[in-house]
Amino acid sequence: NAGVMQNPRHLVRRRGQEARLRCSPMKGHSHVYWYRQLPEEGLKFMVYLQKENIIDESGMPKERFSAEFPKEGPSILRIQQVVRGDSAAYFCASSRQRNTEAFFGQGTRLTVV
Amino acid sequence: AQSVTQLDSHVSVSEGTPVLLRCNYSSSYSPSLFWYVQHPNKGLQLLLKYTSAATLVKGINGFEAEFKKSETSFHLTKPSAHMSDAAEYFCVVSDTRDFAGGTSYGKLTFGQGTILTVHP
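Residues numbered from 1 in each chain as written. Chains lettered and ligands numbered in written order. Predicted model: local features only at pLDDT ≥ 70, side-chain atom pairs only at ≥ 80, totals over all residues. Heavy atoms only, no water.

A. View of the sheet that holds strand β7 (residues 65-68) of chain A. All names here are of chain A. Spatially, β1-β3-β8-β7 is the arrangement adopted by the 4 strands of the open sheet, whose pairing is antiparallel. Either end of the sheet is taken by a strand with one partner, and the two such strands are β1 (5-7) and β7. Averaged over all pairs of adjacent strands, the angle between strand axes in this sheet comes to 15 degrees, irrespective of strand direction. (Pairing = 2+ DSSP bridges. Helix = DSSP H or I, 4+ residues; strand = E, 2+ residues; numbered from the N terminus. Axes fitted to C-alpha atoms, helices over the stretch in contact; angles between N-to-C directions.)

B. Main features of the pairing of strand β9 (residues 88-95) of chain A. Residue and element names in this part refer to chain A. Buried residues dominate β9, accounting for 8 of its 8 residues. The pairing of β9 with strand β11 (residues 108-112) spans 3 bridges and is classified as antiparallel. Across the sheet, the residue bridging to Y90 is T108, located in β11. (Buried < 20%, exposed > 50% of the residue type's maximum accessible area, 1.4 Å probe, protein only.)

C. Fine view of the state of the cysteines. All names here are of chain A. One pass over the structure, following the stated rule, counts 2 disulfides over all chains. Covalent S-S linkage joins C23 and C92, the inter-sulfur distance amounting to 1.7 Å. The sign of the -55 degrees torsion about the S-S bond sets the C23-C92 disulfide as left-handed. Note that C23 is positioned in strand β3 (residues 19-24) and C92 in strand β9, a separation of 69 residues in sequence. Of the two residues, C23 and C92, both sit in the buried class. (Disulfide = S-S within 2.5 Å.)

D. A look at the side chain of R109 of chain A. Mapped onto the fold, R109 of chain A is located in strand β11. Buried R109 of chain A, no salt bridge; nearest opposite-charge side chain is E88 of chain B, N-O distance 8.7 Å. Discounting residues that sit within four places of it in the chain, R109 of chain A has contacts with R9, H10, L11, A88, A89 and F91 of chain A together with Q38, N41 and K42 of chain B. (Lys, Arg positive; Asp, Glu negative; His and termini not counted. Salt bridge = Lys/Arg side-chain N within 4 Å of Asp/Glu carboxyl O. Contact = heavy atoms within 4.5 Å.)

E. Fine view of the interface of chain A and chain B. Contacts between the two partners involve 23 residues from chain A and, on the opposite side, 22 residues from chain B. Carbon and sulfur atoms make up 53% of the area that chain A and chain B hide from each other, which totals about 1900 Å². At the junction of chain A and chain B, the tally comes to 0 salt bridges. Linking chain A with chain B are 2 residue pairs in polar contact (both at pLDDT 80 or more). No other element matches the 4 residues that strand β5 (residues 43-50) of chain A contributes to the side of chain A that touches chain B. (Buried area = accessible area lost by both parts, 1.4 Å probe. Polar contact = N/O pair within 3.5 Å; in protein donor to acceptor, adjacent residues only side chain to side chain.)

These figures come from the coordinates and say nothing about function on their own.
Printed below as a string of structure tokens:
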């Protein structure tokens, strides 16, 4: 059973471009969480999704950021018109149910130049 | 609102000596508490978790933590450090109250992290 898979592992974007980060949860997991880790900081919750539904997006910036978890395929975190301040590591976690342990992927390190 | 404070940003120990990483939490409800470890350029690995059962929790790689409600602490310890323990450690809290229809152990609040250095 493969773990949580995130790709790409590293992503470089120029200011103003779009970044798309993918997360494939563990097999049998239908709950996905996205976190952002800024340099020298701990992880900050962004959004919690269940298949086709956003359950909690209280940590998502109001503009330029969106997330989806379609019926088929990976969860996508999309950042439009990236700025230098978006440079961070973005981690995805998945769980089988709401009240079971969440497993983390290895993260996508986004660099905006 | 819940929060976590890791009292030391860096801890340095010699191999074979005890490790103590300190964590205090704040939670309005009965919390679940976790310690995660992150090795450089790697994902996060769960070391151990407290979910209102025994207050002394044993985890992987010889680590353990004690939940002390009166002190609102959840310090991580290991009797003897190994070189492979060098990493960043995060204390994490999750409220067990309902939100959006149910408890979630995936919506977590992380501390700032403690970098553990182990000297030969």
